[in-house]
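Fold and geometry: a report
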Amino acid sequence: MPLAESLSRRCFHYVHGNNLVYNTCWEDPRLDREALALQAHDRLLMITSAGCNALDYLLAGAGEVHCVDLNPRQNALLELKVAGIRRLEFEDFFRMFGEGYWPAAPAVYQQTLRAELSATSRDYWDRRIEFFSGSGPRRSFYFRGTAGYFAWLMNGYINRVSRVRPLVEEILAATELGRQQVLYERVKPQLWRGSIRWLLRRDATLALLGVPRLQRQQLESDHQGGIARFIETCVESVFTRTLMADNYFWRVYLTGRYSPSCCPEYLKPENFARLRSGLVDRLSVHTNSICGFLEQHSGTFTRFVLLDHMDWLGQHDEPLLARQWAALLSRSAPRARVLWRSGGTRCDHVNRLPVSWQGNRRPLGELLEYHTDWADRLHAQDRVHTYGSFYIADVKNN
């Protein structure tokens with residue numbers, strides 16, 4: 001293995017093997033809601049991430065949601081949200097997960113929330129509940145974890161280096177897209193200096209953002225100017241094509257908090273009440289790999305949400321990826337649907353993947369029916385705009 005690739009992999013595994021990586025989901029569930037068309041009979045299997053979208057799928061009508069993640073810290077975050085839904089009043093819940101800090105959080109955790117958690121999650125939050133206390137320079141929970149640390153650094157850059165915070169606040173307050181576009185053109189020269197482009201090309205920076213090396217390689221080859229230019233283009237698209245008043249993904253990392261009118265669905269009072277009244281009981285959390293979970297559990301699933309899992313395993317362990325797809329196919333109900341995203345504009349290695357199915361080895365692409373036009377249309381509406389492509393596929397079951 002080349003030295004650069006070895007160092008990149010070590011950096012990535014160090015960051016992801018020892019930390020809470022994602023403090024909020026970075027996939028737009030508005031796209032997923034349309035693509036999944038969830039109903040009460042649906043059993044959905046997904047990668048946990050920060051758990052925001054799991055709660056969204058329950059609100060959208062899923063009968064069961066099974067969250068699986070190898071990183072127990074991600075599951076601990078979802079468990080803490082569920083405990084808050086069950087035991088807190090909405091105003092306090094919003095202080096923790098909407099505003100990102102609540103000075104009373106450590107005490108309330110000990111008195112009220114801790115008993116609701118699994119032993120592993122208790123062990124994690126016993127040592128990390130101060131993330132919500134509002135203490136220290138990274139006052140907000142949304143500046144904690146590795147992605148949050150990157151957001152905190154970028155806020156420091158905006159405030160003290162490029163010094164465009166007043167313009168950023170005007171962009172966030174804009175109610176018309178035309179006004180927002182004018183403001184971004186004023187921000188752009190100060191924001192995209194050579195130092196920031198250099199930083200965005202570093203493996204350590206990309207590891208903080210959860211970008212595996214395969215994603216970086218795809219972006220470097222697919223986009224003139226490489227990954228730094230890709231990120232600049234994504235940010236420009238977000239600020240000039242989507243109204244920031246409706247974009248809670250970028251708001252929380254630019255400010256460290258959501259607002260009552262710009263936040264995930266689970267942070268709205270009427271939806272909090274729905275989750276508390278019984279919807280959250282349809283959720284289960286498992287620390288495992290997708291493959292391990294599927295091989296150890298019986299029953300079938302109608303929906304799968306795999307995030308950018310194809311990029312992660314495609315780089316590090318293609319045989320395991322093939323084994324995972326074989327397990328997924330065997331646990332698929334008729335016409336089960338699978339969603340995933342990729343950092344690249346294409347995900348060709350998935351179709352070539354040799355999968356054992358019904359006694360034969362077949363290319364995975366022969367076993368999936370893609371909804372390419374539909375996926376492309378939805379992808380164009382993505383408020384996050386950091387993935388290169390979006391996939392909707394039905395399992396043929398033949």
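The present account deals with the structure reproduced in this document. None of these values were measured; they are calculated from a predicted model.

1. Some thoughts on the environment of tyrosine 391
Along the chain, tyrosine 391 turns up in strand 9 (residues 389–395). On a C-alpha basis, the gap between tyrosine 391 and tyrosine 370 in space is 7.4 Å, while along the polypeptide they are 21 residues apart. At 3.1 Å, the side chain of tyrosine 391 forms a polar contact with the backbone nitrogen of cysteine 347. Within polar-contact distance, the side chain of tyrosine 391 engages the side chain of serine 389 at 2.9 Å.

2. Observations regarding the packing of helix 2 (residues 29–36) against helix 21 (residues 372–379)
Helix 21 packs onto helix 2 with a crossing angle of 155° between their chain directions and a minimal axis gap of 10 Å. Considered as vectors, helix 2 and helix 21 are oriented roughly antiparallel to each other. Note on packing geometry: the crossing formed by helix 2 with helix 21 is right-handed. Contacts between helix 2 and helix 21 involve Leu31, Glu34 and Ala35 on the former and, on the latter, Trp374, Arg377, Leu378 and His379.

3. Section: helix 6 (residues 105–113)
Taken together, the buried positions of helix 6 are Ala105, Val108, Tyr109, Thr112 and Leu113. Each buried residue of helix 6 sits inside an arc of 110° when the element is viewed along its axis, so together they form one side. Contacts from the buried residues of helix 6 go to helix 4 (72–87), helix 5 (90–97) and helix 7 (119–128).

4. Concerning the pattern of salt bridges
Under the definition given, this model contains 22 salt bridges. A salt bridge links glutamate 295 to arginine 323, with the shortest nitrogen-to-oxygen separation between them at 2.7 Å. Linking glutamate 295 in helix 17 (residues 290–296) with arginine 323 in helix 19 (residues 318–330), this pair joins segments that are 28 residues apart in sequence. Glutamate 295 gets classed as partly exposed once you look at its relative accessible area, which sits at 39%. Connected through salt bridges with shared partners, the residues Asp28, Arg30, Asp246 and Arg383 form a single ionic network.

5. Description of the nonpolar core
Core analysis: the biggest nonpolar cluster contains 127 residues, and Val65, Leu80, Phe97, Trp125, Phe132, Trp325 and Trp340 have the highest contact counts within it. Once residues lying within four places of it in the same chain are set aside, the contact partners of phenylalanine 97 are Leu77, Leu80, Lys81, Phe132, Tyr142, Tyr258, Tyr266 and Leu267.

6. Considerations on the sheet that holds strand 9
Strand order across the open sheet formed by seven strands is 3-2-1-4-5-9-8, with mixed pairing between neighbours. Because the sheet does not close on itself, it has two edges, and the strands there are strand 3 (283–287) and strand 8 (368–370). Geometrically, the sheet is characterised by an average inter-axis angle of 20° between neighbouring strands, direction not taken into account. As judged from the five bridges shared by strand 2 (residues 64–69) and strand 3, these two strands associate in the parallel manner. Counted as the bridge partner of valine 68 is histidine 286 from strand 3. Packed on one face of the sheet, helix 19 meets strand 4 (301–305), strand 5 (332–342), strand 8 and strand 9 and runs near 145° to strand 5.

7. Points about the packing of aromatic side chains
Enumeration over the complete set of coordinates arrives at 24 aromatic pairs. Measuring from ring centre to ring centre gives 5.1 Å for phenylalanine 93 and phenylalanine 272, while their planes differ by 45°; the resulting arrangement is tilted. Placement of phenylalanine 93 in helix 5 and of phenylalanine 272 in helix 16 (residues 269–276) is noted, with a sequence separation of 179 residues between them. Phenylalanine 93 sits in the buried class, given a relative accessible area of 0%. According to the relative accessible area criterion, phenylalanine 272 is buried, its value standing at 4%. Over the face of the ring belonging to phenylalanine 301 we find arginine 43, whose NZ or CZ atom lies 4.5 Å from the ring centre. Of note, arginine 138 hangs over the ring of tryptophan 152, and the distance from its end group to the ring centre comes to 5.9 Å.

About the criteria used
- Residues numbered from 1 in each chain as written.
- Predicted model: local features only at pLDDT ≥ 70, side-chain atom pairs only at ≥ 80, totals over all residues.
- Heavy atoms only, no water.
- Helix = DSSP H or I, 4+ residues; strand = E, 2+ residues; numbered from the N terminus.
- Polar contact = N/O pair within 3.5 Å; in protein donor to acceptor, adjacent residues only side chain to side chain.
- Axes fitted to C-alpha atoms, helices over the stretch in contact; angles between N-to-C directions.
- Parallel < 35°, antiparallel > 145°, perpendicular 65-115°, else oblique.
- Left-handed = near helix turned anticlockwise from the far one by under 90°.
- Contact = heavy atoms within 4.5 Å.
- Buried < 20%, exposed > 50% of the residue type's maximum accessible area, 1.4 Å probe, protein only.
- Arc of directions from axis to C-beta.
- Salt bridge = Lys/Arg side-chain N within 4 Å of Asp/Glu carboxyl O.
- Core = buried A, V, L, I, M, F, W, Y, C linked by side-chain atoms within 4.5 Å.
- Pairing = 2+ DSSP bridges.
- Phe/Tyr/Trp six-rings, centres within 6.5 Å; stacked < 30°, edge-to-face > 60°.
- Lys NZ or Arg CZ within 6 Å of the ring centre and 35° of its normal.

What is shown is where atoms sit, not what they do.
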